[in-house]
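Analysis of the macromolecular model
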Amino acid sequence: MKAIAKAKLNTLLDAIAKESNLLVPVSGDGTSKFAPYTQGAQLSFDGRTLLPPKDVFFPQTEKMYKFKTNGMNASVETALEAPRLQVLFGIRPCDAKSIHCLDHVFLTKGYVDEFYKAKKDATLIVSIGCNGPAQPTCFCKSMGVNPQEAEGVDVHLYDLGTDYGVVAKTEKGEKLFLDKYASFFTETTAQVPALADFPLEVNVDGITEKLEKMFDHPLWEEVAKKCLGCGACTYLCPTCHCFDISARVAGDQGFRFRCWDSCMFSEYTRMSAGNPRPSKKERVRNRMLHKLQYFKERYGDLLCTGCGRCLSKCPVNMDITKIIKQVREADLA
Amino acid sequence: MITEQMRAIAKDLLEKGEVGTVIGWEKGTFWYNSTPLFISKPEQVDKLVFDEFCANNLAKYLLDFKLAETKTAVFVKGCDARAVNRLLQDNQVSRDKVYLIGIPCPGMKEAPKTAQPQDIAGLPLLTKCKMCATPNPVLFDVMVGDPVPDKKVADRFAAVEALEGKSADEKYAYWGKMFEKCIRCYACRNVCPACNCRECCFDANGLNWLGKQNNLPETQMFSMTRAMHVAGRCIECGECERVCPMGLPIMEINRKVIKDLNELFGPYDAGMNLDDRPPLGTYKLDDPEKFM
Amino acid sequence: MSEIALAQNPVSPLVPVVCKITKIVTETPDVKTFHVSTLDGKKPFTPMPGQLGMVSILNAGEGMFSITTQGENHLEFSIKRCGVLTDALHEAEVGQNITVRGPYGNGFPLDFCKGKDILFIGGGIGLAPVRSLITYSIAHRQDFGKLQVIYGSRSPADLVFKEDLFENWTKVPDLELNLTVDRGDESWKGNVGFVPAFIEQLAPSPKGDKVCVLCGPPIMIKFCLQSLAKLGFKNENIITTLEMRMKCGVGKCGRCNIGSCFVCLDGPVFTLAQLQNLPPEY
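To keep things clear, this report deals only with the structure shown in the data block. What you see is a predicted model; the values in this text were computed from it and never measured.

A few points about the packing of helix α5 (residues 168–179) of chain B against helix α7 (residues 216–229) of chain B
Residues and elements named next belong to chain B. Their axes nearest at 9 Å, the elements α5 and α7 cross at an angle of 100 degrees. On the basis of their axis angle, the class for α5 and α7 is roughly perpendicular. Residues Y172, G176 and F179 of α5 touch α7, and the partners they reach there are L216, T219, Q220, S223 and M224.

Now the structure itself:
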């Protein structure tokens, strides 16, 4: 296996940044997220970032098209730009899994979302494995994610202690990373260390099938009581992808954009005819069922990767693992 | 021990049918999480706890029960009790529908973020608790435990004064950097006991008071509007700042507003008692009007 | 569905094409029908009956509407005035540019309906989506058995598509038309009463695997379903269209889900049998 010393990583990142737009995990100001690499930035390689990498492909606000009106006339001009090649460096296996889930949504079932696809196609993804939970709230292992391995990425780095072991997962990764930066890599025979225990575990076997019988279960009323109906969980979630489409208009011109939306907000499903999800019971239930039942039924995967972000930042400690446990223990009338 | 006394009181209330629901705290995911709990049966009282991690202000949940036919009991720390006073002053809940169980609060602790239990005494106080001047409930029907001694509080306006000393450009740069981080999850608004509008103007879709783009002007618009809207009604529980996932210093804005109000209308602490109305909710002939 | 043709837009299913209003028919005091063509006078796309189009007046908003019917070179949307966007549409004049994207959704199950008798039931503006299939079945008259339309509105003035109701459809062979209004006026000679009661009074027979296509306000649908059950219609043969808040139209933005179905993609047309397998959240 090829390898690079962690101490030399910055020289590699410098080289990549010279040629491509390089996004790395950066921490500061009480938060951490993927941001353009700058020399001297505080890189955050100790586990997942607070903000997920989903905005690299699916920005919180994205202009779709500009328009002009002139009396009765109107014109529309797309805002889809051809992005230059970018390298997304250092996502964790939980986030790699989340991108796989986003691919289902934006690239399949009859319609391809060009805004997402353009950015995804132009991105080389380099992941880093975790040898244990970086945060107590990590439970990826329970969600079928191998913490040390990542799927759907171009290059994967194994954490070998002082080195990263570097393996190409796609042809793109081989050519544009391993071959291109070959001079930075040495050979190693080091083994990936044993995986540490995760303090938070949950069994999801059969959860979808159980939930299919629980739409009307009193559990939802119970678990929803403490929910504040804010969007912290959905906005920090690497897989939550629901969006709104809205417009900014000034006089005779404007643009239409899409932006993240949250199923936790009362306004989300409100229509002139009423709201099919009028209270937090229906909204919490929909979020949980979307993650654990509906998405699995539609795309074959659970829509939770066990990154634990929602759990770490929920104002009221709403715990998806606890809800899964409650579902498993629930009596079916 | 306080937890035992809470359970006994809750059990008694539920057994006698004096209340329909008791709102308290239970242990959450880890030893350093305590989380809101709602119980309606005597056999559930053993879940109730009170420890150094019961930071959640429970008062706002009373809004979910204001149409309940039965009384609702809620455990209140000093800040929670002030929040109840505020809700009562806003006629959001009626006093005869709530039963308040006061708990003197020694201050809540920061979560250490490690699953291994640690010495709780060594953990730092939450920022919001360092600034707290009312650890003892100002309103209650029954009190659990003994009042904690009043403590000397760090000067709560120190950060505001430091900011006031900066130039307009420096202030704009400071807040710009902060609000750029805002993800508009509305956790601050939704946790706030002063934000008790039946429908928030920012949720009134169609009216488009606030665009949904996540950018600096829109987040500033949201945060500043919210700060102005809770002016004179903020009880300084600090929940907004505690729950902000992006760590924004929201209380600095709220305290700036409080400081300005104090200077304009005289010292006022919201929610301390039912009779003192908020300065912007009363009219006096000698009110200053130079800003009008 | 393989027959779905995307609107002629090379970029994205989310970016619309600019079209213009070529004709406006005032149906009722609060419903207008808009004929829409591309700027060069063509049909924006060719939808199947029951499919949807996302219509926008650019500076007022964007909304999903059923495509009432189509002509050689245009689409028709019948729209009730009830909000910001629909207000703007009702203020629009012929020649006004609007944008359209689509077609979205599954449409009515034509293969299932072919060769069968069809009972159409509409209430108020709910006749709009049903009309797409009525028009289709009239145009392909030989493919269908007997047709019956039961339609009701609040008052005679609120009946939509009066030209169809009192002219065009009266000339179609083997098409029985039954109208009712909640409250009549001096000139109204027809039935007065709610649609569900009218159905029971007319007692259409479900025999011969008859299909019922139903659309109207939720409360009407609820009671019509009870009436249809009494008459012996099978759940598999009762077809209706649902309305949910929609933004993208292509099953991605998330808000129109009912269970794992998206109304914009897997609907809006469902049989009652299908709906009974979905969570009751619509």
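Concerning the interface of chain A and chain C
Between chain A and chain C, the residue contacts involve 49 residues of the former and 47 residues of the latter. Summed over both sides, the interface of chain A with chain C buries roughly 3800 Å², with 58% coming from carbon and sulfur. Run the count over chain A and chain C and you get seven salt bridges. For the salt bridge of D244(A) with R255(C), the shortest nitrogen-to-oxygen distance reads 3.9 Å.

Considering the sheet that holds strand β4 (residues 98–102) of chain B
Residues and elements named next belong to chain B. Taken in spatial order, the five strands of this open sheet run β2-β1-β3-β4-β5, and their pairing is mixed. Strand pairing shows two members of the sheet lacking a second neighbour, β2 (34–39) and β5 (142–143), which therefore form its edges. As judged from the two bridges shared by β4 and β5, these two strands associate in the parallel manner. Following the sheet pairing, G102 is matched in β5 by M143.

Side note on the pattern of salt bridges
Under the definition given, this model contains 57 salt bridges over all chains. In this structure, D29(A) engages K177(B) in a salt bridge whose closest nitrogen and oxygen atoms are separated by 3.3 Å. Of this pair, D29(A) sits in the loop between β2 (21–28) and β3 (31–36) while K177(B) sits in helix α5, on two different chains. Its salt-bridge partner being R154(C), residue D30(C) comes within 3.8 Å of it at the nearest N-O pair. One end of the pair, D30(C), is in the loop between β1 (17–28) and β2 (31–38); the other, R154(C), is in the loop between β9 (147–153) and α4 (162–166), with 124 residues separating them in the sequence. Overall, the relative accessible area of 41% leaves R154(C) in the partly exposed class. Among the charged side chains, a salt-bridge network with shared partners connects D244(A), D261(A), E267(A), K212(B), R245(C), K247(C) and R255(C).

Overview of the sheet that holds strand β6 (residues 86–91) of chain A
Residue and element names in this part refer to chain A. Taking strand neighbours across the sheet as the criterion, the eight strands line up as β3-β2-β6-β7-β8-β9-β1-β10 in an open arrangement whose pairing is mixed. Two strands in the sheet have a free side with no partner beyond their single neighbour: β3 and β10 (186–187). When β2 meets β3, the two strands line up antiparallel, connected through six bridges. Considered in β3, the bridge of S27 is made with S32. Running over the sheet, helix α1 (residues 9–19) touches β1 (2–5), β2, β6 and β9 (163–168) and is turned about 135 degrees from β2.

Concerning the side chain of Q51(C)
All names here are of chain C. Counting through the fold element by element, Q51 comes out in the loop between β2 and β3 (52–57). Polar contacts involving the side chain of Q51 include one to the main-chain amide nitrogen of M48, which spans 2.8 Å. At 2.7 Å, the side chain of Q51 and the backbone oxygen of G105 are in polar contact.

What to know about the pairing of β1(C)
Regular strands place their side chains on alternate faces of the sheet. Residue and element names in this part refer to chain C. Here β1 pairs with strand β7 (residues 97–104) via four bridges, running antiparallel. Along β7, the bridge assignment pairs K20 with N97. When β1 meets β2, the two strands line up antiparallel, connected through eight bridges. Across the sheet, the residue bridging to K23 is H35, located in β2. Counted along the chain from β1 to the antiparallel partner β2, the turn is two residues long.

Some words on the packing of aromatic side chains
All names here are of chain B. Taken as a whole and judged by the stated rule, the model has 28 aromatic pairs over all chains. Look at W25 and F75: their rings are 6.4 Å apart centre to centre, the planes differ by 40 degrees, and that puts the pair in the tilted class. Here the residue W25 occupies a position in strand β1 (residues 21–27), and F75 occupies one in strand β3 (residues 72–76), the gap between them amounting to 50 residues. For the pair formed by W25 and F75, the shared burial category is buried. Considering the side-chain rings of F202 and F222, the 5.5 Å spacing of their centres and the 70 degrees angle between planes classify their relative orientation as edge-to-face. Taken together, the positions of F202 in the loop between α6 (187–191) and α7 and F222 in helix α7 put the pair 20 residues apart, joining distant regions of the chain.

Remarks on the interface of chain A and chain B
One frequently used descriptor of interface size is the decrease in accessible area upon assembly of the parts. In this complex, chain A contributes 41 residues to the contact, which on the side of chain B involves 35 residues. Buried area between chain A and chain B, both sides added, is near 3200 Å², and the carbon and sulfur share of it is 54%. It is D29(A), P136(A) and L228(A) in chain A that bury the most area against chain B; as a group they hold 16% of the surface buried on that side. For the pair chain A and chain B, the number of links is seven salt bridges. Linking E199(B) and R270(A) is a salt bridge whose minimum nitrogen-to-oxygen distance equals 3.0 Å. Inspection of the chain A/chain B interface yields 21 residue pairs in polar contact (both at pLDDT 80 or more).

Quick notes on the rules
Residues numbered from 1 in each chain as written. Chains lettered and ligands numbered in written order. Predicted model: local features only at pLDDT ≥ 70, side-chain atom pairs only at ≥ 80, totals over all residues. Heavy atoms only, no water. Axes fitted to C-alpha atoms, helices over the stretch in contact; angles between N-to-C directions. Helix = DSSP H or I, 4+ residues; strand = E, 2+ residues; numbered from the N terminus. Parallel < 35°, antiparallel > 145°, perpendicular 65-115°, else oblique. Contact = heavy atoms within 4.5 Å. Buried area = accessible area lost by both parts, 1.4 Å probe. Salt bridge = Lys/Arg side-chain N within 4 Å of Asp/Glu carboxyl O. Pairing = 2+ DSSP bridges. Buried < 20%, exposed > 50% of the residue type's maximum accessible area, 1.4 Å probe, protein only. Polar contact = N/O pair within 3.5 Å; in protein donor to acceptor, adjacent residues only side chain to side chain. Phe/Tyr/Trp six-rings, centres within 6.5 Å; stacked < 30°, edge-to-face > 60°.

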